[in-house]
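Fold and geometry: a report
The primary structure of each chain is shown beneath.
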Amino acid sequence: MIYGIKKIVSYALGTDIAGRSLSVRPDDTFIVSYPRSGNTWIRFLVANLLHPTEAVTFANVERLIPDAEAQSSRYLKRIPSPRLIKSHQYFDHRYAKVLYIVRDPRDVVLSYYDFSRKYRHIPDRYPLESYVHDFVNGRLNSSGWGTWAENVGTWLAARRGRPGFHLLRYEDLKANTEAELATVARFLGIDPVPERLRSAIQKSSADRMRELERTQSGQWVATRDKRPDIPFIGPAVNGEWKSKLPATATLEIESAWGPLMSHVGYALTTNVPPQKPNRDWPRKSALEAISPEP
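Residues numbered from 1 in each chain as written. Predicted model: local features only at pLDDT ≥ 70, side-chain atom pairs only at ≥ 80, totals over all residues. Heavy atoms only, no water.

**A word on helix H5 (residues 105–118)**
A rise of 1.5 Å per residue sets the reference length of H5, with its 14 residues, at 20 Å; its end C-alpha atoms lie 19 Å apart and thus fit the reference within 8%. Judged by how many residues are buried, H5 sits mostly within the fold: 13 of 14 residues are covered. (Helix = DSSP H or I, 4+ residues; strand = E, 2+ residues; numbered from the N terminus. Expected span 1.5 Å × (residues − 1). Buried < 20%, exposed > 50% of the residue type's maximum accessible area, 1.4 Å probe, protein only.)

**Brief notes about the packing of aromatic side chains**
Tallied over the full model, the rule gives 18 aromatic pairs. Taken together, the ring pairs in this structure connect Tyr 34, Phe 44, Phe 58, Tyr 112, Phe 115, Tyr 119, Phe 135, Trp 148, Trp 220, Phe 232 and Trp 257 into an aromatic cluster. One Lys or Arg, Arg 103, reaches over the ring of Tyr 170 and ends 4.3 Å from the middle of that ring. (Phe/Tyr/Trp six-rings, centres within 6.5 Å; stacked < 30°, edge-to-face > 60°. Lys NZ or Arg CZ within 6 Å of the ring centre and 35° of its normal.)

**Describing the sheet that holds strand E3 (residues 97–102)**
Strand order in this open sheet of four strands is E2-E1-E3-E4, and the pairing throughout is parallel. Looking at strand neighbours, the two that pair on one side only are strand E2 (84–87) and strand E4 (165–169), the edges of this open sheet. Here the average twist between neighbouring strands, direction ignored, is 20°. Sheet topology note: the strand E1 (residues 29–33)/E2 ladder contains four bridges and is parallel. Bridge pairing in E2 links Ile 31 to Lys 86. Against the sheet, helix H7 (residues 148–159) makes contact with E1, E3 and E4, and its axis sits at roughly 140° relative to E3, the strand it touches most. (Pairing = 2+ DSSP bridges. Axes fitted to C-alpha atoms, helices over the stretch in contact; angles between N-to-C directions. Contact = heavy atoms within 4.5 Å.)

**A closer look at unusual backbone geometry**
The omega torsion of the bond from Ser 81 to Pro 82 falls at -5°, within 30 degrees of zero and hence cis. Within the element layout of this structure, Pro 82 appears in the loop between helix H4 (73–78) and E2. Notably, Asp 225 is not glycine yet its phi reads approximately 65°, a positive angle. Among the structural elements, Asp 225 can be located in the loop between helix H11 (206–216) and helix H12 (241–244).

**Brief notes about the environment of Ala 149**
With respect to the helices and strands, the residue Ala 149 is situated in helix H7. Residue class for Ala 149 comes out buried when judged on its relative accessible area of 14%. With 44 residues separating them along the chain, Ala 149 and Pro 105 place their C-alpha atoms 8.7 Å apart.

**Details of helix H13 (residues 247–263)**
At Trp 257, H13 shows its maximal bend, which comes to roughly 80°, and the proline Pro 259 appears one to four places after that position. By the burial criterion, the buried members of H13 are Ala 249, Thr 250, Ile 253, Glu 254, Ser 255, Ala 256, Trp 257, Gly 258, Leu 260 and Met 261. On its buried side, H13 packs onto H5, helix H6 (128–136), H7 and H12. Looking one or two residues past H13, Gly 265 carries a phi angle of roughly 95°, positive in sign. (Bend = angle between axes of the 7 residues up to and from the residue.)

**Considering the environment of Leu 49**
Note that Leu 49 resides in helix H2 (residues 39–50). For Leu 49 and Lys 203, which are 154 residues apart along the polypeptide, the C-alpha to C-alpha distance reads 9.8 Å. If we skip the residues at most four places from it in the chain, Leu 49 touches Leu 181, Ala 185, Ile 190, Arg 196, Leu 197 and Ala 200.

Functional significance is not addressed by these values, which are geometric in nature.
Structure below.
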């Protein structure tokens, strides 16, 4: 009873987060990914394709391609159809048309580690190896979206190869941006004119997005009131894990998710048999590590 009243009040005030409670329309299109997989870059690329005469920035991207994990139900309701919406949800049968982005989890965890420090979810001194263990075992603040494997696996199992679903690897987009973006444009019903593609790519470059973050972080819901010394827009490179991820952490990720990683084209460094993640790990997790920064 009380919970229901609270939901009604938060909806009326516009203080709820739409998330999985989003009211989905038949003509909605979703850009979905596990966090830190390149979703923000894709939003800028697609928004610049759709709105070539409007400068896409952190001040207006929530109007152009709103984030269901950051905006209220009332906010999303006011967006006119057809809507293009960003989401981090695991498989939802209501999402009729989905552009799904996947990224190597070994790179994802490094990006997520910095993101968690930026959001003050963990202190700077929190060990990376412990964070990787939390990442594999679903003990992060984002546990409601599942682990990387649960999020990726549910979408691929239900939709891969079916109409209305397009799988995009972040690594392929980085390696051949114009060709991959042209495929995305066709999937979204946008004419992939070369000049239009190149303009969108230039306007969505990592350097430009970093400069926009520097000047507009206080205007964007994802960076407002977060640590300014850690950028939201990361290095934007492939394979950073090869030099920065400890071997034990790489082994843990590959042991847990090796078959799925191989299935989407990520070469493994080991031949160890997959192991079931231990959700009863006794060590303090990232969820419990929140403390004021020194």
